[in-house]
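# Secondary and tertiary structure notes
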Amino acid sequence: MDEDMSRTESPGPLRRPGAAPSALRWHRGHDHGVAGGRRDEVDVHRHLQDANDRHADRIRRLLAEHAVFAANLMSSPGSGKTTLLEATLARLEGEMRVAVIEGDIETTADADRLAPFGIPVVQINTGPFGGDCHLAAPLIASAIESLDLHQVDLLVVENVGNLVCPAEFDIGEDRKVVLLSVTEGEDKPLKYPLMFHEASLALVTKVDLLPHLDVDLALIRANIHKVNPEAEVLTVSAKTGEGLDTWVEWLRHAVQTKRTGADAH
Ligand SMILES: Nc1nc2c(ncn2[C@@H]2O[C@H](COP(=O)(O)OP(=O)(O)OP(=O)(O)O)[C@@H](O)[C@H]2O)c(=O)[nH]1
Ligand SMILES: [Mg+2]
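In this report, we go over the structure that sits alongside the text. (Residues numbered from 1 in each chain as written. Chains lettered and ligands numbered in written order. Predicted model: local features only at pLDDT ≥ 70, side-chain atom pairs only at ≥ 80, totals over all residues.)

Moving on to the sheet that holds strand E6 (residues 201–205). Taken together, seven strands build an open sheet; the order of strands is E3-E2-E4-E1-E5-E6-E7 and the sheet is parallel. Across the chains shown, the open sheet's two edge strands, defined by having one partner strand only, are strand E3 (121–125) and strand E7 (232–235). In this sheet, adjacent strand axes meet at a mean angle of 20° when their direction is disregarded. Seen against the sheet, helix H6 (residues 137–145) touches strand E2 (98–104), E3 and strand E4 (154–158) and runs at an angle of roughly 145° to E3. (Pairing = 2+ DSSP bridges. Helix = DSSP H or I, 4+ residues; strand = E, 2+ residues; numbered from the N terminus. Axes fitted to C-alpha atoms, helices over the stretch in contact; angles between N-to-C directions. Contact = placed C-beta atoms within 7 Å.)

In the vicinity of ligand 1 lie 17 residues, with Gly-80, Lys-81, Thr-82, Thr-83 and Gly-161 positioned nearest. The leading source of residues in the shell around ligand 1 is helix H4 (residues 81–92), at three residues. The residue makeup of the shell around ligand 1, split by class, is three nonpolar, nine polar and five charged. (Near = placed C-beta within 6 Å. Nonpolar A, V, L, I, M, F, W, Y, C, P; charged D, E, K, R; others polar.)

A few words now on the packing of helix H3 (residues 39–65) against H6. Where H3 meets H6, the axes come as close as 8 Å, and the angle between the chain directions of the two elements is 35°. For the pair H3 and H6, the sense of crossing is left-handed. Residues Asn-52, His-55, Ala-56, Arg-58, Ile-59 and Leu-62 of H3 touch H6, and the partners they reach there are Ala-137, Pro-138, Ile-140, Ala-141 and Ile-144. By residue class, the composition of the contact of H3 with H6 is eight nonpolar, two polar and one charged. (Left-handed = near helix turned anticlockwise from the far one by under 90°.)

With seven of seven residues buried, E2 lies mostly within the body of the structure. Pairing of E2 with E4, which is carried by five bridges, proceeds in the parallel orientation. By the bridge assignment for E4, Ile-101 is matched with Val-157. (Buried ≥ 20, exposed ≤ 12 C-beta atoms within 10 Å, placed from the backbone.)

Turning next to the nonpolar core. Formed by 59 residues in total, the largest nonpolar core has its most connected members in Ile-59, Leu-135, Ile-140, Val-156, Val-157 and Val-178. Among all residues touching Val-178, those that are not within four sequence positions of it are Met-74, Ser-75, Met-195, Phe-196, Ala-199 and Ala-202. (Core = buried A, V, L, I, M, F, W, Y, C linked by C-beta atoms within 7 Å.)

Time to look at the pairing of E6. A large share of E6 lies buried, amounting to four of its five residues. Two strands pair when backbone bridges link them, and strand E5 (residues 175–181) and E6 are joined in this way by five bridges, in the parallel orientation. Looking across to E6, one finds that Ser-181 is bridged to Thr-205. Judged from the four bridges that link them, E6 and E7 form a sheet pairing that is parallel.

Here we come to H4. With 12 residues, H4 should reach 16 Å at 1.5 Å per residue; the first-to-last C-alpha distance of 16 Å fits that figure. Buried within H4 are the following residues: Lys-81, Thr-82, Leu-84, Leu-85 and Thr-88. One side of H4 holds all its buried residues, which, seen down the axis, span an arc of 150°. With its phi angle positive at about 80°, Gly-94 sits one or two positions after the end of H4. (Expected span 1.5 Å × (residues − 1). Arc of directions from axis to C-beta.)

Printed below as a string of structure tokens:
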């Protein structure tokens, strides 16, 4: 890790223990701070965002140097990120070297669930740093310091469960992947558009539950495409295994493409 990556100057306010969460968040495109005469606050926010983006650029360079493909899994709490990861790791075991960064406000529950796979897993808890509802690049940079990227082909980040905040932060990943479970309703892409706009892949999860629900899968798909016409949409069930082959193939292709691109340089 070079010295710029470990600089404490930029992430300071993001990581200050006990800071009020409201002081740590900003929302892209919001300028009401200026209108309300709170230019200082906006300047601080811009400084934090610039700092985040500097760390993200460093992470991107590190991942490129080591030809590691990084996917950032984002969704509401409980959409099935960890369950999908468990099913994915079971399929990729012995085939590629996977490392995981788990983000939660509290607990190591998700990292503990992945322990049986015997892969490197770093749990980040944002609770001690103000309880952020997302992972920012400085925290990812710190987590990456504890990984040997020479031994990793695929890095999966499971972001903090939240359908808004994680999408606001570049963490140097190759692809943002949003999960939306069928139980959440068709309107969510329209009501929380940023995450669907930023993601290259949307996984509609828990499709095994469809027979029990009054939910229209075609409408979910249409709403995702309304927000992001380019988004690839896959339907999966970690419970029955439906769609998992296609998802795992997507990962294989991404890892291979990253490796080939690195070889070409
Ligand atoms: N029926 C069904 N249930 C699922 C599926 N995937 C996950 N679940 C259930 O949904 C619940 C939440 O799953 P998790 O994988 O913990 O969700 P998560 O997105 O990791 O949750 P957070 O990390 O708290 O944001 C659990 O009870 C899972 O068993 C699925 O494909 N089908
Ligand atoms: Mg989880």
